[in-house]
Amino acid sequence: MILNMSKEVRSLSQTTNTATASTMVLRSSKSVPTPNQNKAPRRNDHVKKPRASASSSVQRLKQGGSASQQTPKKKKRPKESGSDNEHPPVPAIQEPVKRIVKPGNQLELSEQALEEDVTRILTGDDPNVPKNVCKFSFKDRCYKPDPPGQGDNMAIHFSLQGSSIHVDSAECKKYQEANSFNDQSVDAKETTSDTKITSESQMVTPTTSSGNSTTSSGTDIKGEHTKNQFNYSERGSQTFNNPMKSRGVHTEPPPMTQYQDDVSQSKIYDSYKSECLISMMEHQQEGNGDIRSFEDKLASIVIDKGEIVEDRSDTIHSEHMENALKVMERLVNQNAEDDIFQDFKYWEDASDQYRQHGEGTLLPLWKFSTERTNRKQVTSLCWNPRYNDLFAVGYGSYDFMRQGNGIVCCFSLKNTSYPEYAITTESGVMCLDFHPQHPSLLALGCYDGTVLVYDIGNGRNKPIYSSSSRSGKHSDPVWQVCWHDSGYSKDFNFYSVSSDGKVANWTMSKNELKMETVMQLKLVSSSKEASDEASLCGLAGGSSFDFSETLENKFLVGTEEGNIHECSKAYSGQYIKTYDGHHMGVHTVKWNPFHEDIFISCSSDWTVKIWDQKAAQCILHFDLNNSVSSVCWSPYSSTVFAAVTTDGKVHVFDLAQNKREPLCAQKVAKKARLTHVSFNLKDYILIVGDDRGVVHALKLSPNLRKLTLLEDVVERSGGDGGDEGREGKELDEYTIQRCKMLRLLASIDKKYASEV
């Protein structure tokens, strides 16, 4: 009985512990479901009922009943609303309580202040660093505040001196040799004896790419000892500072005076007026030798208001004010177009060296035009012989039904916005030319046959000489004028050619302009029938002419019939020679400036031809596929010339590089026809005029302005490095370009080879 009771009590305690543990598990895992909760209940699963407690069984034994016979009655549990397989209810877990603790010194901010972003910048400055440190300056012999340095805010937490050496250094090789010697000696010692002498030694070995150094301890034998690199001491010494000396020199200050005055418009006007009067008196008293100071001259001028009426507009419109405004306008224009002026001075096309066959380009710089000349055509261009930046442009019309007044504008490269001088004529200007020795004299030829001479230096719009029907006049338009010294007269002379078939010489006498007919252009025909018709029709219309620079009396005349006549001022009745090469009117004929026998011509029959006066036919012929308006030789090379066509293209040739095609054929004007072209006498630029009153300035690329090398000239002149070679090096530019043209002629025809 006692055994049975003890077993029953033990089983009850185990059951109670099991139930308690299961209850604890359920309480701790309320929120986490167990794996069995998710599964469906099985049929045989049921909730185990707890057994009777040990106290109840003991009471039944005391009452005299056996524990085995009397069994306790099982109490029925009330059925819950659910299946029998559900777990008993688990009490809820109490959640932790949140309590906000607010400090007493906390600021109370509004919602707007809380939403506002506050930027804080963190710096690396150490607040504990002293800022009032003073150090003694031996130079100034006083204490001075120590300025803040870069390392004031730096804190060193760890510092270690390294012991690594470079692999390729001499010190590393030394240690490697010592290490290998020690290893060999140790191996020999181990084979001879069993005793080993061990000693600790620190060896520094060069490291790999990681850069770390290692120290090794191993066996060592008696031999040479390496230097211990860790046992060293630093030694230093300080030299004695020499005493400093100061030396100074004082100079006497310059004398100073105080001056004060006020400035008004009336005082400025009076000063300008006094300067003008003083300059007038100086011109009057140049021959008297009056030497007086500025104050004396100013004091001697007495202005009587009753006698002299002062006009304030005189100062504004005076010559001094005009010159000052002109200089200011040039400066403003150059600042506004600084990029173009930089290209004009320094631009070089670097792509020329990569072009095939030496081709080049033209860089557009400026366009010269005014509102008064928009509806007119550019009929002539001419550069001033003294001022290389100044050129004159004649405006008129080639159309017979659209004739009007003419304009001459003198533009300067220093001021590209407005002309320096402007002259208005009653008839359209067809040609103009500057005097070679007197650059202010400008000769004009008009559409009505009159010729005019202007002095642009006096600033007047009236000609100083003008032709008339009484003194002589052309009856048709004057196509070209040219200054030329006759040699037997002291007066100025110029020549003109007109469609009336006359080449006239104009002499500027004291009172009037006298006309003298030099040549009457007769019609020339090959057959007899045509010659009879020519005698009935009259004279041939002249369109262009040019005088030779070497022979004074010789000149060429191009006609509207296509013929080119070689004439002389000494023989006015007949031609020296006639060249029949063009089928339409000849617009331009020009002598080569470096060879006296070569000249060029262009015509409306689309051709440009180069002639030799000794040959009846042209030596070179170029077809430009459009009417050629003008042609011009370059002043720097004997083989370079430019031509313009009515389709708006500029053709630049260099016969020394290519005798068949132009090096540059560039379209300058899209919807305009080009009328004239002219090279600058100094700079590598050319100007081109069109039929809409615009003048285009273009810069030549390096391939279009190549000059012959000195070595080539020596070879062409027959120099072999000796005395002849030295003579070749002393050749001037004219001779160099002449040799260049002779070499070109020799390549065209062998008969010119003897002249080279």
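Quantities reported herein were computed from a predicted structural model and do not represent experimental measurements. (Residues numbered from 1 in each chain as written. Predicted model: local features only at pLDDT ≥ 70, side-chain atom pairs only at ≥ 80, totals over all residues. Heavy atoms only, no water.)

When helices and strands are tallied, the chain shows 14 helices and 32 strands. For the chain, the exposed surface amounts to about 52,200 Å²; the carbon and sulfur share of it is 50%. (Helix = DSSP H or I, 4+ residues; strand = E, 2+ residues; numbered from the N terminus. Areas by Shrake-Rupley, 256 points an atom, 1.4 Å probe, with all protein chains shown as cover.)

Strand order in this open sheet of four strands is 22-23-24-25, and the pairing throughout is antiparallel. Only two strands of the sheet have a single neighbouring strand rather than two, namely strand 22 (586-591) and strand 25 (620-623). Strand after strand, the sheet turns through a mean of 15 degrees between neighbouring axes, direction not considered. (Pairing = 2+ DSSP bridges. Axes fitted to C-alpha atoms, helices over the stretch in contact; angles between N-to-C directions.)

The subject of this paragraph is the sheet that holds strand 7 (residues 390-396). Sheet architecture is open: four strands sit in the order 6-7-8-9, paired in antiparallel fashion. Edge positions in the sheet fall to strand 6 (377-383) and strand 9 (421-425), since each has one partner strand and no second. Ignoring which end each strand starts from, the neighbouring axes of this sheet average 20 degrees apart.

What follows covers the environment of Ser572. If you trace the backbone, Ser572 turns up in the loop between strand 20 (563-568) and strand 21 (577-580). Sequence-wise, Ser572 and Leu521 are 51 residues apart; in three dimensions their C-alpha atoms are separated by 9.5 Å. Setting aside residues no more than four positions away along its own chain, Ser572 makes contact with Val518, Met519 and Gln520. (Contact = heavy atoms within 4.5 Å.)

Per-residue pLDDT for the chain averages 76, and the proportion of residues at 70 or more is 71%. When the criterion is pLDDT under 50, residues 194-223 qualifies, and its contacts beyond four places in sequence or with other chains add up to 39 contacts. Predicted confidence is poor over residues 714-730, with pLDDT under 50, and the contacts of this stretch with residues over four places away or in other chains come to 15 contacts. (pLDDT = per-residue confidence, 0-100.)

Here we take up helix 14 (residues 733-748). With 16 residues, helix 14 should reach 22 Å at 1.5 Å per residue; the first-to-last C-alpha distance of 23 Å fits that figure. By the burial criterion, the buried members of helix 14 are Ile736, Gln737, Cys739, Lys740, Met741, Leu742, Leu744 and Leu745. (Expected span 1.5 Å × (residues − 1). Buried < 20%, exposed > 50% of the residue type's maximum accessible area, 1.4 Å probe, protein only.)

Turning our eyes to something else, we now look at the side chain of Gln737. Locating Gln737 in the fold gives a position in helix 14. According to the relative accessible area criterion, Gln737 is buried, its value standing at 2%. Beyond its immediate stretch of four places on either side in the chain, Gln737 contacts Phe594, Tyr636, Ser637, Ser638 and Leu707.

Glancing now at the pattern of salt bridges. If you walk through the whole model with that rule in mind, you get 15 salt bridges. Lys144 serves as the salt-bridge partner of Asp140, at 2.0 Å between the closest nitrogen and oxygen. The partner of Arg738 in a salt bridge is Glu596, with the nearest N and O atoms 2.7 Å apart. Remark: Glu596 occurs in the loop between strand 22 and strand 23 (598-603) and Arg738 occurs in helix 14; sequence separation between them is 142 residues. Taking relative accessible area as the criterion, Arg738 reaches 24% and is therefore assigned partly exposed. In this structure, a network of salt bridges that share partners links the residues Asp261, Asp262 and Lys267. (Salt bridge = Lys/Arg side-chain N within 4 Å of Asp/Glu carboxyl O.)

For the rest of this paragraph, the subject is the state of the cysteines. Under the criterion given, the structure shown has zero disulfides. Considering cysteine sulfurs only, Cys410 is the nearest to Cys409, which forms no disulfide, with 7.7 Å between them. (Disulfide = S-S within 2.5 Å.)

A few words now on the environment of Lys670. Tracing the chain through its elements places Lys670 in the loop between strand 29 (664-667) and strand 30 (674-679). Owing to a relative accessible area of 77%, Lys670 belongs among the exposed residues under this scheme. Each C-alpha atom, one on Lys670 and one on Lys649, is 8.9 Å from the other, the two residues being 21 residues apart in sequence.

Within the secondary structure, Met519 is located in strand 17 (residues 513-520). By relative accessible area, Met519 is classed as buried at 1%. Spatially, the C-alpha atoms of Met519 and Ser572 are 4.9 Å apart, while their sequence positions differ by 53 residues. Once residues lying within four places of it in the same chain are set aside, the contact partners of Met519 are Gly501, Lys502, Val503, Phe555, Cys567, Ser568, Tyr571, Ser572, Gln574 and Tyr575.

Looking now at unusual backbone geometry. A positive phi angle, near 60 degrees, is found at Arg141, a position not held by glycine. Mapped onto the elements of the fold, Arg141 is located in the loop between strand 1 (134-137) and strand 2 (142-145). Residue classification places Arg141 among the exposed residues on the basis of a relative accessible area of 58%. Its identity is not glycine, yet Asn625 carries a phi of approximately 65 degrees, on the positive side. Along the chain, the position of Asn625 falls in the loop between strand 25 and strand 26 (628-633).

Our focus in this paragraph is the nonpolar core. Within the largest apolar cluster, 21 residues are counted, with the highest numbers of intra-cluster contacts made by Leu362, Val650, Val652, Leu686, Val688 and Leu700. Taken together, the elements giving at least two residues each to this core come down to strand 27 (640-645), strand 28 (649-654), strand 30, strand 31 (685-690) and strand 32 (695-700). (Core = buried A, V, L, I, M, F, W, Y, C linked by side-chain atoms within 4.5 Å.)

As enumerated under the stated definition, the model contains 26 aromatic pairs in all. Ring centres 5.2 Å apart and planes at 55 degrees place the aromatic pair Phe341 and Trp366 in the tilted group. Here the residue Phe341 occupies a position in helix 10 (residues 338-346), and Trp366 occupies one in strand 5 (residues 362-368), the gap between them amounting to 25 residues. Accessibility classification places Phe341 together with Trp366 in one group, the buried group. When the centroid spacing of 5.9 Å and the interplanar angle of 55 degrees are considered together, the rings of Phe622 and Phe641 count as tilted. In this pair, Phe622 sits in strand 25 while Phe641 sits in strand 27, placing the two residues 19 residues apart along the sequence. What links up through ring pairs into an aromatic cluster is the set Phe341, Phe344, Trp366, Phe368, Trp383, Phe391 and Phe411. (Phe/Tyr/Trp six-rings, centres within 6.5 Å; stacked < 30°, edge-to-face > 60°.)

On the surface, Leu107, Leu109 and Leu114 cluster together to form a nonpolar patch covering roughly 360 Å² of accessible area. Looking at where Leu109 falls in the secondary structure, it is placed in the loop between helix 3 (54-62) and helix 4 (111-115). (Patch = residues over 30% accessible without salt bridge, like charges linked within 9 Å, V, L, I, M, F, W, Y side chains within 5 Å.)

This part takes up the pairing of strand 8 (residues 406-412). With seven of seven residues buried, strand 8 lies mostly within the body of the structure. Residues of strand 8 alternate between two faces, with Gly406, Val408, Cys410 and Ser412 on one and Ile407, Cys409 and Phe411 on the opposite face, all of them buried. Bridge count between strand 7 and strand 8: six bridges; the pairing is antiparallel. Across the sheet, the residue bridging to Val393 is Cys409, located in strand 8. Judged from the five bridges that link them, strand 8 and strand 9 form a sheet pairing that is antiparallel. Within the sheet, the bridge partner assigned to Cys410 lies in strand 9 and is Tyr421.

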